[in-house]
Protein chains: 2
Amino acid sequence: MREVFQQELAEVQDRLVEIAELVVRSIQDATRAFNESDVSLAEDVIANDKKIDELTVLLDELSIQILARQQPVARDLRIVVSALRISASLERMGDMAEHIAQLSRYRFPDKVVPKGLRSTFAEMGRLDVAIAEKLAELLRSQDIRLADEIRNDDDDVDELHASVFDKVLGETWKGQAVDTVDATLASRYHERFADHAVSIAKKVQYLATGDWAPELAS
Amino acid sequence: MREVFQQELAEVQDRLVEIAELVVRSIQDATRAFNESDVSLAEDVIANDKKIDELTVLLDELSIQILARQQPVARDLRIVVSALRISASLERMGDMAEHIAQLSRYRFPDKVVPKGLRSTFAEMGRLDVAIAEKLAELLRSQDIRLADEIRNDDDDVDELHASVFDKVLGETWKGQAVDTVDATLASRYHERFADHAVSIAKKVQYLATGDWAPELAS
C-alpha cells in the first residue's frame, strides 16, 4: 500500500510540474504578446489556458481519489492537501497570464503598453517569466533555495508595481484614460502572478522542512 | 464514529457561517467606507480582515484533522475538501473588502469615488453586500435557491463592472489619472468579490445535489 501511495504521490508531483511548465509557456507568450502587441500570440495564450484548467481539474480529481483510497495521515495527508492548493494557485497564475494576453487583444491594433512604461513592463514580464521557470524547477527538484529566489524576485515585482502607480499618478504622466486603465490592470495582473508563485513556494518549502506557519494557509 | 463525524461536519459548517458573517460585516463597512470616504471605518475593515484570516487558518486545520481522524470517503470526503476550498474563497472575499477599504484610506481626505461613478459604485456595493448576505444564509440553510440568486446578482455586478470601463473610456470622462486608477481597481475588487461568492455557491449546490461539474474546481 505504501509503495502504491509513493507512486501516486510521484504522479501528483509530475502533473504539478506539467501544469507549471504550461504556466511558464503562458506567461512567456502573454508578456511577449503584451509588450509587442502580438494578437495571434495572445490568442494562443487564451487557448492554452483552457488546457491548464482541464489539467488542474484532473489533478484535483486524482488527489481526491488518493485521499479516498490511501487514507493518508500526518505529513502524507498534508502533501496531498498541499497539492490541491498548489494546483489552485497554478490555475490562477494561468488566469493572470490570460488576462495579460487579453489586454493586448482588446487594444489591437493599438499598442497596449503605455508610453513611458515600456521598460517597466518589459522588466515585470521578465521577472514573472523567471519566477514561473524557478517555480517549475522548484516543483521538479524540490530544491528549496529556489523558494528564496522566488521571494526575492517577487519583492522586485512589488517595487515595479508601486513604481507604475508613482508614474501614472505623477505630474509628467501624459497618458489617456485608456493608458491609465491598461497600466493599472496590467500591473495588478503581473503582481498577482508573482504572489501566487510565492504562495506555492512557501508550501513546497514547508513540505520539505516540516515548518508549518499559519500564513501557509494563504 | 459516524456520529462524531457528523458532529465535526456540523462544526465545520458553523465555522464557515461564522466566517461568512464576518465577510458580510467587512463588505458592508468597506463599501460604506469607500462610498462615504470614512477612513476610521476603513481601519476597522483592515483590522477585521486579520480575524477572518485567523479563523480561516483554524478551520483549515480542523478540516485536515477531520480527514486524518475520520478518513472520510465518497461524498463525505468531498464535503471536507469543499470546506477547504470554500474557506479559501471566503478568505479572498475578505481580502477584496480590505482592498476596497484601503482605497478610501489612500485618498483620504480626498473622496475616493470619482465623480460620475458614485451611483454605479453605490449599486455595486449594494449588490456585493446582498451577495455576501445570501452566501452566509446559503451556508447556514443550504437553501440552494440562494445559489441562483447569487449568480443573478453576479451578472448584475459584471454589467456594472463593464459600465465602469465604458464610462472611463468614454468621451465625457473628465477624471484625472488618480480617478481612473481608483475606478479601475475598485471595480475589479467589487467584481472579484462577487466571483468568489459564485464559486462558493456552486460548491454548496454541488454538495446538495451531487451534480459535480468540472468547472466546480475553480
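Residues numbered from 1 in each chain as written. Chains lettered and ligands numbered in written order. Predicted model: local features only at pLDDT ≥ 70, side-chain atom pairs only at ≥ 80, totals over all residues. Heavy atoms only, no water.

A. A look at the nonpolar core. Leu90(A) and Leu90(B) are the most contacted members of the largest nonpolar core, which totals 148 residues. Leaving out residues up to four positions away in the same chain, Leu90(B) has contacts with Leu16(B), Ile19(B), Ala20(B), Val23(B), Ile52(B), Leu135(B), Leu139(B) and Ile200(B). (Core = buried A, V, L, I, M, F, W, Y, C linked by side-chain atoms within 4.5 Å. Buried < 20%, exposed > 50% of the residue type's maximum accessible area, 1.4 Å probe, protein only. Contact = heavy atoms within 4.5 Å.)

B. Local environment of the pattern of salt bridges. What the rule picks out here adds up to 36 salt bridges over all chains. With its nearest N and O atoms 2.8 Å apart, the salt bridge here joins Asp153(A) to Lys134(A). On the criterion of sequence distance, the pair formed by Asp153(A) in helix α5 (residues 145-168) and Lys134(A) in helix α4 (residues 118-141) is long-range, its members being 19 residues apart. We classify Asp153(A) as buried; its relative accessible area is 10%. In this structure, Arg151(B) engages Asp148(B) in a salt bridge whose closest nitrogen and oxygen atoms are separated by 3.4 Å. Of this pair, Arg151(B) and Asp148(B) both sit in helix α5 (residues 145-168), separated by three residues, roughly a single helical turn. Its relative accessible area of 28% is what places Arg151(B) among the partly exposed residues. One connected set of salt bridges, linked through shared partners, spans Glu21(A), Glu137(A) and Arg140(A). (Salt bridge = Lys/Arg side-chain N within 4 Å of Asp/Glu carboxyl O. Helix = DSSP H or I, 4+ residues; strand = E, 2+ residues; numbered from the N terminus.)

C. Spatial organisation of the UniProt feature "domain: PhoU" (unreviewed entry) in chain A. Residues and elements named next belong to chain A. Those residues carrying the UniProt feature "domain: PhoU" (unreviewed entry) are residues 17-102 and 122-204 in this numbering. Annotation note: span residues 17-102, helix share 94%, strand share 0%, distance between end C-alpha atoms 25 Å. This span, residues 122-204, is 87% helix and 0% strand, and a straight line between its end C-alpha atoms measures 28 Å. (UniProt positions renumbered as here; feature names shortened; annotations may be inferred.)

D. View of the interface of chain B and chain A. Across the contact, 34 residues belong to chain B and 34 residues belong to chain A. Roughly 2,900 Å² is buried in total at the junction of chain B and chain A, and carbon and sulfur atoms are behind 64% of that figure. If you look at where chain B meets chain A, you find four salt bridges. Ionic pairing is found between Arg85(A) and Asp60(B), a salt bridge with its closest N-O pair at 2.9 Å. At the boundary of chain B with chain A, the tally comes to five residue pairs in polar contact (both at pLDDT 80 or more). Counting only elements with at least two residues in the side of chain B that touches chain A, the list comes to α2 (39-70), α3 (74-107), α5 and α6 (177-209) of chain B. Residues of the side of chain B that touches chain A, tallied by class, amount to 22 nonpolar, four polar and eight charged. (Buried area = accessible area lost by both parts, 1.4 Å probe. Polar contact = N/O pair within 3.5 Å; in protein donor to acceptor, adjacent residues only side chain to side chain. Nonpolar A, V, L, I, M, F, W, Y, C, P; charged D, E, K, R; others polar.)

E. Layout of unusual backbone geometry. Residues and elements named next belong to chain A. For the bond running from Phe108 to Pro109, omega is 5°, close enough to zero to count as cis. Inspection of the secondary structure puts Pro109 in the loop between α3 (74-107) and α4. Even without glycine at this site, Gln71 takes up a positive phi of about 50°. Summarising the element assignment, Gln71 is placed in the loop between α2 (39-70) and α3. With a phi close to 50°, Ala74 is a non-glycine residue in the positive phi region. The residue Ala74 is located in helix α3 in this model. Residue Ala74 is classed as exposed on the basis of its relative accessible area, which comes to 55%.

F. Representation of the relation of the copies chain B and chain A within the structure. For the pair chain B and chain A, the superposition axis carries a translation of 0.0 Å, the fit reaches an RMSD of 0.0 Å, and the rotation angle comes to 180°. The superposition operator between the copies reduces to a two-fold rotation axis. No C-alpha of chain B lies nearer the rotation axis than that of Gln71(B), which sits 2.9 Å from it. Taken together, the interface assignments show that 100% of the residues at the interface of chain B recur at the interface of chain A, consistent with an identical surface on both copies. (Least-squares fit on C-alpha atoms with pLDDT ≥ 70 in both.)

G. Layout of the packing of aromatic side chains. Residues and elements named next belong to chain A. Here the structure, examined in full by the defined rule, presents two aromatic pairs over all chains. The interplanar angle of 75° and the centroid separation of 5.4 Å between the aromatic rings of Phe34 and Phe121 together place this pair among those described as edge-to-face. Taken together, the residues Phe34 in helix α1 (residues 2-36) and Phe121 in helix α4 connect sequence positions 87 residues apart. Each member of the pair, Phe34 as well as Phe121, is classed as buried. (Phe/Tyr/Trp six-rings, centres within 6.5 Å; stacked < 30°, edge-to-face > 60°.)

H. Looking closely at a negative patch on the surface. There is a patch of like negative charges on the surface, built from Asp155(B), Asp156(B), Asp158(B) and Glu159(B). For Asp158(B), a relative accessible area of 30% gives the class partly exposed. (Patch = residues over 30% accessible without salt bridge, like charges linked within 9 Å, V, L, I, M, F, W, Y side chains within 5 Å. Areas by Shrake-Rupley, 256 points an atom, 1.4 Å probe, with all protein chains shown as cover. Lys, Arg positive; Asp, Glu negative; His and termini not counted. Charge placed at Lys NZ, Arg CZ, Asp CG, Glu CD.)

I. Just α4(A), in detail. Spanning 24 residues, α4(A) covers 34 Å between terminal C-alpha atoms, matching the ideal 34 Å at 1.5 Å per step. Gln142(A) occupies a position one or two residues after α4(A) and carries a positive phi of about 60°. (Expected span 1.5 Å × (residues − 1).)

J. Spatial organisation of the confidence of the model for chain A. Here chain A averages 94 in pLDDT, while 95% of its residues score no lower than 70. Reported confidences for the modelled complex are a pTM of 0.95 and an ipTM of 0.94. (pLDDT = per-residue confidence, 0-100.)

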